[in-house]
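What follows is the residue order along each chain.
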Amino acid sequence: MQILDGKKTSLQIQDEIRDEVIEIKASGSRPPHLVAILVGDNGASETYVRAKVKACKRVGFESTLIRLESNVSQCELIAIIEKINNDENHDGLIVQLPLPTHIDEKIVTSTINPNIDVDGFHESNLGKLMLNIPSFLPATPYGILELLKRYKVETSGKHCVVLGRSNIVGTPISLMMSRNKFPGNCTVTLTHSKTKDLVQITRQADILIVALGKSEFINSDMIKSGVCIVDVGITRVKSNKTKNGWKLLGDVNYDNVKEKCSYITPVPGGVGPMTIAMLLKNTLSSFRKDFLV
Ligand code: NAP
């Protein structure tokens, strides 16, 4: 069994980005600039945004974190986004999800200028993904592809089973794994909460991508020997063994399945850090105007 080490790979990618930023600055240009908007005081969101800002610093990007009270109105939030949309000194804008329930996430997401939508959640960028037109790829599925690529995991002709059909992970990774390229060329089965005989399907998987949000859902009875498992799930549970009082669990019972796998991503240290690396990569692409329409 080989661990797909997302932490190590993310740092390698960050080093590559940092080298490019050094060249950008040496040419007299300003560095890429990412803006993150955080609404309210959700603990998990706070942790994710802090990690993104820290990664910006590591690669030499500028970053701005805009904190808004949880009772900010949708109109106020949209006005702030529109101001950033029109500022040429910003290359990436992310609004950390989830948002408070009085704010419509779809409206907010579609307000972001698609040219700086480095999360790749705007309908224009997701539409391009569907049509195989170069665009900002959603950072988590993009990170999964990059991890499979760098570890040279064979994907052609394999049966890839995806658990979960969200717009930000399950649905886009299903499309990407079926593309005629590497990683890709898989036969993909996309499953969800209405899927019947799920175990019978997961047992057929050569590559199993799990994005449910149900901690330790997958166990060794549900997989075949030699499977490659990508565990996207992150559930925060209370723990008296960690400094901050929390620990992270994946959707896969790691200790129970690991001996049966050819490859597996750990939680933490798997898909999470890759998501951050690809967000930075998208911001660099935006700075270079790779996908400008
Ligand atoms: P989500 O919006 O939370 O949706 C969960 C999906 O799982 C839904 O499609 C649901 O089906 C499906 N599902 C639930 N129970 C199921 C069951 N018993 N069998 C089969 N399918 C089932 O998904 P998400 O936003 O992609 O998040 C999933 C997990 O990934 C969460 O833990 C999240 O925190 C984590 N995540 C991690 C990263 C990262 O960077 N590592 C990034 C994003 C998300 P229905 O559609 O039928 O309801």
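Now for a description of the structure that goes with this document. (Residues numbered from 1 in each chain as written. Predicted model: local features only at pLDDT ≥ 70, side-chain atom pairs only at ≥ 80, totals over all residues. Heavy atoms only, no water.)

Here's the deal with the overall build of the protein chain
Okay, so step 1: In terms of regular secondary structure, the protein chain is built from 10 helices and 11 strands.
Okay, so step 2: Taken against the 2.2 N^0.38 rule, which gives 19 Å for 293 residues, the C-alpha radius of gyration of the protein chain at 19 Å falls within 12% of a compact globule.
Okay, so step 3: On the principal axes, the C-alpha backbone points of the protein chain span a range of 50 × 40 × 35 Å.
Okay, so step 4: For the protein chain, the proportion of its 293 residues judged to be buried stands at 48%.
Okay, so step 5: In the protein chain, the share of contacts with a sequence separation of at least 24, taken over all contacts with a separation of at least 6, comes to 71%.
Okay, so step 6: A gap of 5 Å separates the mean positions of the 36 positive and 31 negative side-chain charges of the protein chain. (Helix = DSSP H or I, 4+ residues; strand = E, 2+ residues; numbered from the N terminus. Rg over C-alpha atoms; globule rule 2.2 N^0.38 Å. Buried < 20%, exposed > 50% of the residue type's maximum accessible area, 1.4 Å probe, protein only. Contact = heavy atoms within 4.5 Å. Lys, Arg positive; Asp, Glu negative; His and termini not counted. Charge placed at Lys NZ, Arg CZ, Asp CG, Glu CD.)

As for the site of the ligand
Okay, so step 1: Within the structure, the ligand sits among 20 residues, and Arg165, Ser166, Ser193, Ile234 and Thr275 are positioned closest to it.
Okay, so step 2: At 2.7 Å, a side-chain N or O of serine 166 approaches an oxygen atom of the ligand.
Okay, so step 3: Within the contact set of the ligand, an oxygen atom lies 2.5 Å away from a side-chain nitrogen or oxygen of serine 193.
Okay, so step 4: Relative to its unbound accessible surface of 920 Å², the ligand loses 72% to contact with the protein.
Okay, so step 5: The element best represented in the shell around the ligand is helix α10 (residues 271-287), accounting for three residues.
Okay, so step 6: Across the shell around the ligand, the residue classes tally to nine nonpolar, nine polar and two charged. (Near = heavy atom within 4 Å. Polar contact = N/O pair within 3.5 Å; in protein donor to acceptor, adjacent residues only side chain to side chain. Areas by Shrake-Rupley, 256 points an atom, 1.4 Å probe, with all protein chains shown as cover. Nonpolar A, V, L, I, M, F, W, Y, C, P; charged D, E, K, R; others polar.)

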